Amino acid sequence: MNKFLSYSVFAFIALLASCDSSSRQEPLADVIDRGLKASTEQALLMAEELETQEGRLPKTIGKDGQLETSDYSWWCSGFFPGELWYLYENNPTPELKKYAEMYTARVEEVKHITYSHDVGFMLNCSYGNGYRLTGNPEYKEVMLTGARSLAIRFDERVGAIRSWDFNRQIWQFPVIIDNMMNLEFFCWASKESEDDRFYKMAVSHADKTMNNHFRDDYSCYHVVSYDTITGVPHKKQTHQGAADESAWARGQAWALYGFTMMYRETCKPEYLDQAKHVAAFIMNHPNMPADKVPYWDFDAPGIPDVPRDASAAAIMASALIELSQLAEGEEAKSYLDFAEQQVRSLTSPGYLAAKGTNCHFALMHSTGHFPGNSEVDVPLSYADYYYVEALIRLKQLIEK
Ligand code: GLY
């Protein structure tokens, strides 16, 4: 089937699935249980498959249709161990704990990485969840070493953490919106080490991002590069989006999650306002499909015949669930309603893989790097991680 026709057919099936689920209205608790059960089954199959492949962690499905893995150094290495910890939190079996510990140990070397800003993603999701659930002091030491490695990338003059080291001829000091996600790690390190340097770096980075990454409509740029002498932006561009001025879907999701999390960590009202503005941009966007799983870019040429990004939907859902607990009244309800629709869609056959398929990832239809023709309409380890996080957040809310 022609690629664009196949996206149209998929969009129609996804819409039917979302209409069908809303007319039947399966109880939300059942949707959550189904999603967690399916995620657990797939994660255990994945864990068994990679058990003897020393140091390997799941990444995606390659162009040859086979499971693609990475070692600890890929930015996504912490998501699978983190997902296993969440699944263990939901269902504390010895088997899940064994695998959570095994795959967490595979990313320990990340603590020495100074060439990437992704140390927060890699360690906070894996060791962070492990430490939260077990209190293992060795986990804390790995994380604090990692936080000190990441801190090397903070530049006092710019007031932010440097994201990337490539493209130096074009970008003096690139900061990508994704980098907001690493600030949770610094907030944790500040509390655990009683060194408020980490907290100050996190707040400085968030302030800088709030002031420079956003347009008047509260959509955000992917990459802002700063002049290293003046600390002022000299370029605003994209890397994974459709155009410099477009709204790359996952970038908007990182912004929403990042400012929601930073409000939780700091109680600074300007971060809550920022998160609400970003939520409004996402939720009211005319190009948001009926099933609330965004196209890979809100401004992608060819909409609706373009791939979706289930990872962006999962990140948005998890963030909106948290935002619903930090906001009040009708606004809070609208965030929760939207997140519920996303979770229902992701838990429908249009996105949730049948047991034993999809190379043992839970979700289908994410897009990693469309302009690079890489990871287009595939499963991704972080889609599964944030999907499970959203399910658990929602479950805990219902139980409360
Ligand atoms: N760099 C993280 C992402 O692709 O969203």
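Details of the structure are given in the entry above.
First things first, this report covers the structure right here in the doc. Quick caveat, the model's predicted, so the values are computed rather than measured.

With that out of the way, let us pick up the overall build of the protein. In terms of regular secondary structure, the protein is built from 13 helices and 7 strands. For the protein, whose C-alpha radius of gyration is 20 Å, the value lies close to the compact-globule estimate of 21 Å for 400 residues. If one aligns the C-alpha atoms of the protein with their principal axes, the spans along those axes are about 55 × 50 × 45 Å. A total of 400 residues make up the protein; the buried ones form 60% of that total. Put simply, the protein shows about 15,600 Å² of open surface, and 51% of that area lies on carbon and sulfur atoms. Between the mean site of the 37 positive side-chain charges and the mean site of the 55 negative ones, the protein shows a separation of 2 Å.

This part covers the packing of aromatic side chains. Throughout the structure, instances matching the rule amount to 27 aromatic pairs. Pairwise contacts between aromatic rings join W75, F79, Y86, F121, W254, Y257, Y382, Y385 and Y386 into one cluster. Taking NZ or CZ as reference, K59 lies 4.3 Å from the ring centre of W74, over its face. Sitting above the plane of the F198 ring, R197 keeps its charged end 5.1 Å from the centroid.

Take D227: it is sitting in the loop between strand 6 (223-226) and strand 7 (233-237). If we skip the residues at most four places from it in the chain, D227 touches V158, Q172, V232 and H234.

What follows is about the pattern of salt bridges. Tallying each qualifying case throughout the model produces 25 salt bridges. E108 serves as the salt-bridge partner of K111, at 2.7 Å between the closest nitrogen and oxygen. As a salt-bridge pair, R250 and D309 come within 2.9 Å of each other at their nearest N and O atoms. Residue R250 is located in helix 9 (residues 249-266), and its partner D309 is located in the loop between helix 10 (269-283) and helix 11 (310-326); the two are separated by 59 residues in the primary sequence. Residue R250 shares its accessibility class with D309, and that shared class is buried.

Turning next to the state of the cysteines. For the structure shown, the criterion picks out 0 disulfides. The thiol sulfur of C76 is not disulfide-bonded, and the nearest other cysteine sulfur, from C125, lies at 9.8 Å.

About the cut-offs
- Residues numbered from 1 in each chain as written.
- Predicted model: local features only at pLDDT ≥ 70, side-chain atom pairs only at ≥ 80, totals over all residues.
- Heavy atoms only, no water.
- Helix = DSSP H or I, 4+ residues; strand = E, 2+ residues; numbered from the N terminus.
- Rg over C-alpha atoms; globule rule 2.2 N^0.38 Å.
- Buried < 20%, exposed > 50% of the residue type's maximum accessible area, 1.4 Å probe, protein only.
- Areas by Shrake-Rupley, 256 points an atom, 1.4 Å probe, with all protein chains shown as cover.
- Lys, Arg positive; Asp, Glu negative; His and termini not counted.
- Charge placed at Lys NZ, Arg CZ, Asp CG, Glu CD.
- Phe/Tyr/Trp six-rings, centres within 6.5 Å; stacked < 30°, edge-to-face > 60°.
- Lys NZ or Arg CZ within 6 Å of the ring centre and 35° of its normal.
- Contact = heavy atoms within 4.5 Å.
- Salt bridge = Lys/Arg side-chain N within 4 Å of Asp/Glu carboxyl O.
- Disulfide = S-S within 2.5 Å.

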